[in-house]
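Working through the structure, step by step
Single-letter residue listing:
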Amino acid sequence: MAARVRKAVFPVAGLGTRFLPATKSVPKEMLPVVDRPLIQYAVDEALEAGIEQLIFVTGRGKVAIEDHFDVAFELETTQTNRGKPLSALKGTRLKPGDCVFVRQQEPLGLGHAIWCAREIVGNEPFAIFLPDEFMVGAPGCMKQMVDAYEQVGGNMICALEVDPSETSSYGVIDPGARNGALTEVRGLVEKPKPGTAPSNLIVAGRYILQPDVMRILETQEAGAGGEIQLTDAMARMIGTQPFHGVTFNGDRYDCGSKLGFAEANFALAMSMPDIGPKLRTFARQLIEQEAATDLAGGSVD
Ligand code: G1P
């Protein structure tokens, strides 16, 4: 039987330059999708999947993430004294020991960020969450992966199809046999040049890996973009251990891009009973206005 996945690593040291100036002093992981920061969705997904220890690989300027998951003494006391409920803070208090923070001191790549957590991960399988990838599903993405992992063990990545024009932004899978939600991984390439991708199946920001990857990362040389790539280290495990992609049954938003981030906010707000109906009316009005402007010859297209 596969060893249980108890630990998860959240690499959150990135500078978030695509969202400047919003991310000048606010970590990109703290940008909200409607009313919760992105990182909290990933943490909730991890807890739902049975993860017990959350390891954040942070960097300078990321203290807001630590504060978010801490006790907020002034806020909680003030709200309580005013007779206000604390329900909005649900899920934001992590117990000491259940969350650990380590720093990646230099931006040497995702592979290096994961390697920074090696002492805390130790010698057991672990999950990785890239919080930019916002996954909405019931059960959540990692729970679906853990369920699959309990059947086949080894290494798992969340695999999703994208438009072939987008593959150069991602890790891409060379797929083998497919069995239900599982696809055998025969090869992996990080950010292939346009026209050279082995498929349109990408690595979508969720992983369950065996601890051997840490030893491989130790000697992993820089790859795409001059960075130490997790994808390259994973590729070296193929053939030595089972390796599968899991097709996530749910919705995925790439919140590392402005479009994906706006789509996530819109879709989630639309699904909320308190604001969804009004937003739908507003969206309809906007589209009708645009169509009317086009008809009146106001469009510059
Ligand atoms: C990282 C990984 C890549 C993966 C992607 C998912 O890339 O290196 O393999 O497909 O996340 O979002 P990044 O977005 O950090 O460039």
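Report on the accompanying structure. On a predicted model such as this, the values are computed, not experimentally measured, just so you know.

To continue, consider the nonpolar core. Counting residues in each nonpolar core, the largest one holds 38 residues, and the members touching the most others are Phe10, Ile39, Leu54 and Phe56. Elements that contribute at least two residues to this core include exactly strand S1 (7-11), helix H1 (38-48), strand S4 (53-58), strand S6 (126-129), helix H6 (141-152), strand S8 (155-161) and strand S11 (201-209). With six residues, the top contributor of residues to this core is H6. Apart from residues no more than four positions distant in its own chain, phenylalanine 56 is found in contact with Phe10, Val12, Ile39, Val43, Ile65, Phe69, Leu94, Cys99, Val100, Phe101 and Val102. Core analysis: the second largest hydrophobic core is formed by 33 residues, Ile55, Ala159, Val213 and Ile238 among them.

What the largest pocket holds in volume is close to 1400 Å³. Lining the largest pocket are 45 residues; nearest its centre among them are Arg18, Lys28, Asp132, Lys191 and Glu227. Elements with a minimum of two residues in the lining of the largest pocket: helix H4 (110-115), S11, helix H8 (230-235) and helix H9 (258-270). In this structure, the second largest pocket spans a volume of roughly 190 Å³. Lining the second largest pocket are 15 residues, and of these Tyr41, Asp44, Glu45, Phe134 and Met135 lie nearest its centre. Of all elements in the fold, only H1 and strand S7 (133-136) reach the threshold of two or more residues within the lining of the second largest pocket. Among the elements that take part in the lining of the second largest pocket, H1 stands out by supplying six residues, more than any other. Split into classes, the residues belonging to the lining of the second largest pocket amount to seven nonpolar, two polar and six charged.

The environment of the ligand is formed by Leu110, Leu130, Glu133, Tyr170, Gly171, Glu190, Lys191, Val203, Gly205, Gln229 and Thr231. Threonine 231 is positioned with one of its side-chain polar atoms (N or O) 3.3 Å from an oxygen atom of the ligand. Considering the ligand on its own, with 380 Å² of exposed area, one finds that the protein chains cover 79% of that surface. When atoms are counted within 2 Å of each cavity's grid points, the one that captures over half of the ligand is the largest pocket. Residue composition of the shell around the ligand, by class: four nonpolar, four polar and three charged.

Definitions and cut-offs
- Residues numbered from 1 in each chain as written.
- Predicted model: local features only at pLDDT ≥ 70, side-chain atom pairs only at ≥ 80, totals over all residues.
- Heavy atoms only, no water.
- Core = buried A, V, L, I, M, F, W, Y, C linked by side-chain atoms within 4.5 Å.
- Buried < 20%, exposed > 50% of the residue type's maximum accessible area, 1.4 Å probe, protein only.
- Helix = DSSP H or I, 4+ residues; strand = E, 2+ residues; numbered from the N terminus.
- Contact = heavy atoms within 4.5 Å.
- 1 Å grid on protein atoms, 1.4 Å probe; cavity = no way out; pocket = protein on both sides within 12 Å on 5 of 7 lines; lining within 4 Å.
- Points joined across faces, edges and corners; volume = space filled by probe spheres on them.
- Nonpolar A, V, L, I, M, F, W, Y, C, P; charged D, E, K, R; others polar.
- Near = heavy atom within 4 Å.
- Polar contact = N/O pair within 3.5 Å; in protein donor to acceptor, adjacent residues only side chain to side chain.
- Areas by Shrake-Rupley, 256 points an atom, 1.4 Å probe, with all protein chains shown as cover.
- Sits in = over half its atoms within 2 Å of the grid points.

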